[in-house]
Amino acid sequence: MAHHSIGDVGDGKLGSWGYPEGGMGAVSDQIRASAVESGATVRTDARVEHLLITRGKVTGAVLAGGEEVLAPIVVSAMHPQTTFLKHIDSGDLPPEFVADIKRWRSRSGVVKINLALAELPNFTADPGSNQQEHHTGSVEMAPSVEWIEEAFQEARQGRPATRPFSDSVIPTTFDRTLCPEGTHIMSLFTQWVPHEWADAPHLEDLEAYADRMIDCYAEFAPNIKGAILHRDIIGPYQMEQEYGLIGGNIFHGELSAEQLFHMRPAPGYADYRTPIRGLYQASSATHGGGGVCGIPGRQAARAVLHDRRNARWSRRTQ
Ligand SMILES: Cc1cc2nc3c(=O)[nH]c(=O)nc-3n(C[C@H](O)[C@H](O)[C@H](O)COP(=O)(O)OP(=O)(O)OC[C@H]3O[C@@H](n4cnc5c(N)ncnc54)[C@H](O)[C@@H]3O)c2cc1C
């Protein structure tokens, strides 16, 4: 909740959130277009299997299928346990750094539910399924602190919440590019299920959890169930398998006090550099992440430019 309250979208108002027109894909498209304009080649479907390291310096990456891409500088935005434990031999890293990355906590009890709706929710407290101001803000399902606490305690005890807590939005009240006229998308960020659900698909349990979540909204907006055209349920297992988010943690690692600031992702390596020369990190597990904020990427780029300038300077002065 603190993380959600400290961000701003550049207008100086803390705690506000923005919707990119065209959805998150539009953000990636813009980044790609900008990179291509600057001369970059963007390759997708090019899974990295291993990083090439010679005498403590990165020299490139090996892709699935065996292709080697040589490069003097590599910036990884993958989960740190993928970069450092899967793609690099532990013998190339200091043992204490390997121990820190192994200890990195990346659990999650979040389930994302996306609803395609034939009409907007008609709230009994403020009736009407025509678009009104309250549809454009966050539609929280958090009637009391006890409600939230109970949902959390159930998950701690290994059970999915009976009455989950949800932070939801209806981006289509602003962005009509996302779905056909008259229909809407409601995006529910819900909590909690046990973090152990990252180990197995739990498909039936997730369906039942989503049913209970929607029942909660139906108490306040009775038309919601009948308005659902389609639903998409993404639990911790699906996030790990499909997006590479270990444990289903959307920020590549928990935002707990011992994993912030100079500890993100490991003491001594919160400056976007790594124990390997030429290898930088820009993942959400670095300082400033997570979220779609661009901070880790920008900071990693600055670290690369700074080191290149220094290297040129020391060559000139030798
Ligand atoms: C369901 C959900 C809802 C969210 N909601 C919000 C929100 O409302 N607002 C917000 O600000 N943030 C939100 N986030 C968090 C936000 O999406 C992340 O913090 C952000 O995308 C992280 O960016 P990143 O570049 O660090 O990593 P990622 O976006 O995870 O990018 C890492 C990339 O590395 C790729 N990759 C992984 N392994 C390999 C490999 N071996 N070889 C090559 N490529 C690889 C992955 O495919 C991925 O494209 C949400 C996340 C999720 C999952």
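In this text the structure is predicted, and so the values were computed from the model without any measurement.

Student: Break down the nonpolar core for me, citing the residues and quoting the values.
Tutor: Of all hydrophobic cores here, the largest spans 32 residues; its most connected members are Ile-113, Met-186 and Tyr-217. Of all the elements in the fold, those that place two or more residues in this core are β5 (110-117), β6 (139-141), α5 (145-156), β8 (184-191), α6 (203-220) and α7 (224-227). When residues of this core are assigned to their parent elements, the largest contribution, eight residues, is made by α6. With near-sequence residues (within four places) excluded, Met-186 lies in contact with Ile-113, Asn-114, Leu-115, Leu-117, Pro-121, Val-139, Ser-168, Val-169, Ile-170, Tyr-217 and Ile-224. By size, the runner-up hydrophobic cluster in this structure holds 14 residues, among which are Leu-51, Ala-61, Ile-88 and Ile-101.

Student: Give a detailed account of the site of the ligand, specifying residues and quantitative values.
Tutor: With respect to spatial proximity, 18 residues lie near the ligand, and among them Val-48, His-252, Ser-284, Gly-291 and Val-292 are the closest. Within the backbone of Val-48, a nitrogen or oxygen atom sits 2.8 Å from a nitrogen atom of the ligand. Within the backbone of Ser-284, one N or O atom sits 2.9 Å away from an oxygen atom of the ligand. When isolated, the ligand has an accessible area of 1000 Å², and the protein chains bury 63% of it. Of the residues that constitute the shell around the ligand, the class distribution is 10 nonpolar, six polar and two charged.

Student: Describe the sheet that holds β8, naming the residues involved and giving the relevant values.
Tutor: With antiparallel pairing, five strands are arranged side by side in an open sheet as β6-β7-β8-β5-β9. Both edges of this open sheet fall to β6 and β9 (228-234), since each of them pairs with a single strand only. On average, each strand axis in the sheet is inclined to that of its neighbour by 20°, with strand direction left out of account. For β6 and strand β7 (residues 165-169), the ladder comprises three bridges, and the chain directions are antiparallel. Its bridge partner being in β7, Met-141 is matched across the sheet by Ser-166.

Student: Can you tell me about the sheet that holds strand β1 (residues 48-54), naming the residues and giving the values?
Tutor: The three strands lie next to each other as β1-β2-β3, forming an open sheet whose pairing is antiparallel. Every interior strand has two partners, whereas the edge strands, β1 and β3 (68-70), have only one. Each strand of the sheet is rotated relative to its neighbour by a mean of 30°, with strand direction disregarded. The pairing of strand β2 (residues 57-63) with β3 spans three bridges and is antiparallel. Note that in β3 the partner of Gly-60 across the bridge is Leu-70.

Student: Provide a residue-level description of a positive patch on the surface, including the pertinent values.
Tutor: On the surface, Arg-308, Arg-309, Arg-312, Arg-315 and Arg-316 cluster together into a positively charged patch. In this fold, Arg-309 is placed in helix α9 (residues 295-317). On the basis of relative accessibility, which here comes to 48%, the residue Arg-309 falls in the partly exposed class.

Student: Describe in detail α6, supporting the description with residues and values.
Tutor: The first and last C-alpha atoms of α6 sit 27 Å apart over 18 residues, in line with the 26 Å expected at 1.5 Å per residue. Restricting attention to buried positions, one finds in α6 the residues Leu-206, Tyr-209, Ala-210, Met-213, Ile-214, Cys-216, Tyr-217 and Ala-218.

Student: Just give me the short version of the domain arrangement of the chain, but keep the residues and values in it.
Tutor: The parts lose accessible area when they come together, and the size of an interface is often stated as this lost area. On domain assignment, one finds that the chain holds domain 1 (43-105 + 249-317) and domain 2 (110-243). The distance between the C-alpha centroids of domain 1 and domain 2 comes to 34 Å.

Student: Any chance you could break down the packing of aromatic side chains for me, citing the residues and the numbers?
Tutor: Within a pair of aromatic rings, the relevant descriptors are the distance that separates the centres and the angle that separates the planes. Within this structure, the stated rule accounts for five aromatic pairs. Considering the side-chain rings of Tyr-19 and Phe-174, the 5.6 Å spacing of their centres and the 35° angle between planes classify their relative orientation as tilted. Separated by 155 residues along the polypeptide, Tyr-19 in the loop between α1 (2-6) and α2 (24-37) and Phe-174 in the loop between β7 and β8 bring together distant segments of the chain. Look at Tyr-19 and you get partly exposed, because its relative accessible area is 33%. By relative accessible area, Phe-174 is classed as exposed at 54%.

Criteria and thresholds
Residues numbered from 1 in each chain as written. Predicted model: local features only at pLDDT ≥ 70, side-chain atom pairs only at ≥ 80, totals over all residues. Heavy atoms only, no water. Core = buried A, V, L, I, M, F, W, Y, C linked by side-chain atoms within 4.5 Å. Buried < 20%, exposed > 50% of the residue type's maximum accessible area, 1.4 Å probe, protein only. Helix = DSSP H or I, 4+ residues; strand = E, 2+ residues; numbered from the N terminus. Contact = heavy atoms within 4.5 Å. Near = heavy atom within 4 Å. Polar contact = N/O pair within 3.5 Å; in protein donor to acceptor, adjacent residues only side chain to side chain. Areas by Shrake-Rupley, 256 points an atom, 1.4 Å probe, with all protein chains shown as cover. Nonpolar A, V, L, I, M, F, W, Y, C, P; charged D, E, K, R; others polar. Pairing = 2+ DSSP bridges. Axes fitted to C-alpha atoms, helices over the stretch in contact; angles between N-to-C directions. Patch = residues over 30% accessible without salt bridge, like charges linked within 9 Å, V, L, I, M, F, W, Y side chains within 5 Å. Salt bridge = Lys/Arg side-chain N within 4 Å of Asp/Glu carboxyl O. Lys, Arg positive; Asp, Glu negative; His and termini not counted. Charge placed at Lys NZ, Arg CZ, Asp CG, Glu CD. Expected span 1.5 Å × (residues − 1). Domains from an automatic or database assignment. Phe/Tyr/Trp six-rings, centres within 6.5 Å; stacked < 30°, edge-to-face > 60°.

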